[in-house]
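Observations on chain architecture
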Number of protein chains: 2
Amino acid sequence: MSDKRAIGIFDSGVGGLTVVKELMRQLPHEDIVYLGDTARVPYGTKSRQTIIRFSVENALFLLKHNVKLIVVACNSSSSVALAQLKRNFKVPIIGVIKPGAMDALKVTRNNRIGVIGTSATIRSKAYQKHILKGNRSAKVFTQSCPLFVPLAEEGWAGKDVTADIVKDYLLPLKKKSPDTLILGCTHYPLLKKGIKKFMGKGVDLIDSAMSTAKSVKQLISDNSLATPKNSNGKSCFFVTDETTQFKKIGEKFLGRRLSLVKKVKNGL
Amino acid sequence: MSDKRAIGIFDSGVGGLTVVKELMRQLPHEDIVYLGDTARVPYGTKSRQTIIRFSVENALFLLKHNVKLIVVACNSSSSVALAQLKRNFKVPIIGVIKPGAMDALKVTRNNRIGVIGTSATIRSKAYQKHILKGNRSAKVFTQSCPLFVPLAEEGWAGKDVTADIVKDYLLPLKKKSPDTLILGCTHYPLLKKGIKKFMGKGVDLIDSAMSTAKSVKQLISDNSLATPKNSNGKSCFFVTDETTQFKKIGEKFLGRRLSLVKKVKNGL
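The following refers to the structure shown. (Residues numbered from 1 in each chain as written. Chains lettered and ligands numbered in written order. Predicted model: local features only at pLDDT ≥ 70, side-chain atom pairs only at ≥ 80, totals over all residues. Heavy atoms only, no water.)

**Concerning the overall build of chain A**
- Assigned secondary structure in chain A consists of eleven helices and ten strands.
- Relative to the 2.2 N^0.38 estimate, which gives 18 Å for 268 residues, the radius of gyration of chain A is 18 Å and therefore close to what a compact globule would have.
- The dimensions of chain A, computed from C-alpha atoms along their principal axes, are 50 × 40 × 35 Å.
- Residue burial in chain A is summarised as follows: out of 268 residues, 60% are buried.
- Total accessible area on chain A stands at roughly 11700 Å², and carbon and sulfur atoms take up 51% of it.
- Measuring between centres, the 45 positive side-chain charges of chain A sit 5 Å from its 20 negative side-chain charges. (Helix = DSSP H or I, 4+ residues; strand = E, 2+ residues; numbered from the N terminus. Rg over C-alpha atoms; globule rule 2.2 N^0.38 Å. Buried < 20%, exposed > 50% of the residue type's maximum accessible area, 1.4 Å probe, protein only. Areas by Shrake-Rupley, 256 points an atom, 1.4 Å probe, with all protein chains shown as cover. Lys, Arg positive; Asp, Glu negative; His and termini not counted. Charge placed at Lys NZ, Arg CZ, Asp CG, Glu CD.)

**Remarks on the packing of aromatic side chains**
- Taken as a whole and assessed by the stated rule, the structure comprises 14 aromatic pairs over all chains.
- Seen from their ring centres, Tyr169(A) and Trp156(B) are 5.2 Å apart, and the 35° between their planes marks the pair as tilted. Linking Tyr169(A) in helix 8 (residues 160-174) with Trp156(B) in the loop between helix 7 (148-154) and helix 8 (160-174), this pair reaches from one chain into another. Neither Tyr169(A) nor Trp156(B) differs from the other in exposure class; each is buried.
- Ring geometry for Phe148(B) against Tyr188(B): centres 5.2 Å apart, planes inclined by 80°, an arrangement best described as edge-to-face. One end of the pair, Phe148(B), is in helix 7; the other, Tyr188(B), is in the loop between strand 7 (180-184) and helix 9 (192-199), and 40 residues separate them in sequence. One exposure class covers both Phe148(B) and Tyr188(B), and it is buried.
- When the ring centre of Phe54(A) is taken as reference, the NZ or CZ atom of Arg40(A) above it lies at 3.7 Å. (Phe/Tyr/Trp six-rings, centres within 6.5 Å; stacked < 30°, edge-to-face > 60°. Lys NZ or Arg CZ within 6 Å of the ring centre and 35° of its normal.)

**A look at the nonpolar core**
- One finds Phe148(A), Ile195(A) and Phe148(B) to be the most contacted residues of the largest nonpolar core, which totals 50 residues.
- Mapped by element, the contributors of at least two residues to this core are helix 7 (148-153), helix 8, strand 7 (180-184) and helix 9 (192-199) of chain A together with helix 7, helix 8, strand 7 and helix 9 of chain B. (Core = buried A, V, L, I, M, F, W, Y, C linked by side-chain atoms within 4.5 Å.)

**Points about the interface of chain A and chain B**
- Facing the 28 residues of chain A at the interface are 28 residues of chain B.
- Here chain A and chain B share an interface that buries about 2300 Å² over both sides, 55% of which is from carbon and sulfur atoms.
- Taken as a group, Arg53(A), Leu147(A) and Trp156(A) account for 19% of the area that chain A buries against chain B, more than any other trio of residues on that side.
- Here chain A is connected to chain B by two salt bridges.
- Elements supplying a minimum of two residues to the side of chain A that touches chain B: helix 2 (48-64), helix 7 and helix 8 of chain A.
- For the side of chain A that touches chain B, a count of residues per class yields twelve nonpolar, five polar and eleven charged. (Contact = heavy atoms within 4.5 Å. Buried area = accessible area lost by both parts, 1.4 Å probe. Salt bridge = Lys/Arg side-chain N within 4 Å of Asp/Glu carboxyl O. Nonpolar A, V, L, I, M, F, W, Y, C, P; charged D, E, K, R; others polar.)

**Some remarks on the sheet that holds strand 4 (residues 93-94) of chain A**
Residue and element names in this part refer to chain A.
- Across the sheet, which stays open at both edges, the six strands sit in the order 4-3-1-2-9-10 with parallel pairing between neighbours. Looking at which strands have only one partner, the edges of the open sheet turn out to be strand 4 and strand 10 (261-263).
- Note: strand 1 (residues 7-11) against strand 2 (residues 32-36), five bridges, orientation parallel. In the sheet register, Ile 7 faces strand 2, and the bridge partner there is Ile 32.
- Across the sheet, helix 2 touches strand 1, strand 2, strand 3 (69-72) and strand 9 (235-239), and the angle it forms with strand 1 is around 150°.
- Packed on one face of the sheet, helix 10 (residues 208-222) meets strand 1, strand 3 and strand 4 and runs near 165° to strand 3. (Pairing = 2+ DSSP bridges. Axes fitted to C-alpha atoms, helices over the stretch in contact; angles between N-to-C directions.)

**Some points on the side chain of Thr227(A)**
- Mapped onto the fold, Thr227(A) is located in the loop between helix 10 and strand 9.
- Those residues in contact with Thr227(A) that lie beyond four places of it in its chain are Ser2(A), Asp3(A), Lys4(A), His29(A), Glu30(A) and Lys68(A).

**Notes on the pattern of salt bridges**
Residues and elements named next belong to chain A.
- Within the structure shown, the criterion is met by 26 salt bridges over all chains.
- Put simply, Arg 109 and Asp 179 hold a salt bridge, and the shortest N to O gap is 3.5 Å. You can see Arg 109 sitting in the loop between helix 4 (97-107) and strand 5 (112-117) and its partner Asp 179 sitting in the loop between helix 8 and strand 7, a full 70 residues away along the chain.
- Members of the salt-bridge network, linked through shared partners, are Asp 37, Arg 40, Arg 53 and Glu 57.

**Brief notes about the relation of the copies chain A and chain B**
- Note on the copies: chain A fits chain B at an RMSD of 0.0 Å, the axial shift is 0.0 Å, and the rotation between them is 180°. Expressed as a symmetry operation, the mapping of one chain copy onto the other fits a two-fold axis. Judged by C-alpha distance, Arg40(A) is the residue of chain A that lies nearest the rotation axis, at 2.3 Å. (Least-squares fit on C-alpha atoms with pLDDT ≥ 70 in both.)

**Let's talk about the sheet that holds strand 6 (residues 139-144) of chain A**
Residues and elements named next belong to chain A.
- Ordered by their spatial adjacency, four strands build an open sheet running 6-5-7-8, and the pairing between neighbours is parallel. Looking at which strands have only one partner, the edges of the open sheet turn out to be strand 6 and strand 8 (204-207). Neighbouring strand axes in the sheet, compared pairwise and without regard to direction, differ in orientation by 25° on average.
- Pairing geometry for strand 5 and strand 7, over five bridges, is parallel. The residue bridging Ile 116 from the neighbouring strand is Leu 183, located in strand 7.
- Against the sheet, helix 6 (residues 126-134) makes contact with strand 5, strand 6 and strand 7, and its axis sits at roughly 165° relative to strand 6, the strand it touches most.

Here it is as structure tokens:
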């Protein structure tokens, strides 16, 4: 059995392209349809109900493009909307939380795991739930870092002021001595160097993009959803705001040129 | 002649309440209908076309509530969408840019004026245009400060790191020796103290909220639009995301309790 339909993937903006990058590497024959809701970004500062509404609209958009499964690349959406999406829709839906949590459990030696993310992600306790389901005796320490997204988008990763803010947010977490830290937002890998430097060599950073792509590969194999094609997959990208800014920042996230980007009126 | 209909006012979020506060003080008998597009905030990082679309939707929402004029309290909307709104709609429409620019020209002694704002506001050159229309020999120096909004919303006005970021953004501007600085974003008054401290005593800060309320008062008088009521006006507030967060932050901006806040599905 095989399925030549595309993989659908959405994010609040550009950050989900880190997941696309991994999908392209691990599943090079699959077609990909990406939706970035750049007109309404960010999600992580908004309420649970609004994030659910936007996520349902994004999923409906992808289903119109006849996708065979949906990857929720946004941590905030995955944290608060995944259950609702799974209840609503028939296609398999996969978020970034569980894969990240499972990888953290594999990596940790002292079972002390830190999680950083947006306000919505941290408030939802989604990472804790998955980590504790995997290991009841694990200790989870969380911190929301609302300034990390604007700092990453401003391109200030290397500035002194960013190091100060990293310290401000992460000092209480560091004091709990975790040996593993989940970067629970697709923007945070852009600040990886500074975070790693502050947390120290003994702390492993988990980037959910890689974990999620592995889970998608497994899901495709388990459900016989692999494309029959042997040629390289095609990708097309949709955004709800203008394409220029998305292309510019997106190419940094994706590590290659973004050619097919189209603006659509909104999530629906 | 008189007109008992309400004044309509919209903003991308909560910042426009600084204008409401001034309207309540200067025009206490007028009713006010406010719309904060909190589900799609911020506007200042989005494209011109998207800001125009959101602004038109917000104006249509206010018109459904039978308002006699519309105040565009958002600097980003005022900068890029005001002309389009004026072309589309019959009611008088007033933005925050012209009043702020006019007040800066009144205050300056050396005709060197600084303007800070979001990327959309600065890119539009709207303040320059109005300042130079008023005085061709004025010199205008601008700087976008994308991190000021998240810093204000995080409540970090008093932190050392905020002082560092203020310095980072404003040092090139300070070197141009302006004697007047327009705070071209409704969030920036929350960082006023730090901005004033860095710019020095010789620099006057212009807060458009006050200037705009004065212009609304004038417009109401010029067009015989004042309410015939002698009792205090009523205000109602609509938001597109949940009301809880808006109420919490909004009361800081407004300086009084926010009772009538309702969630509406979107701008339309």
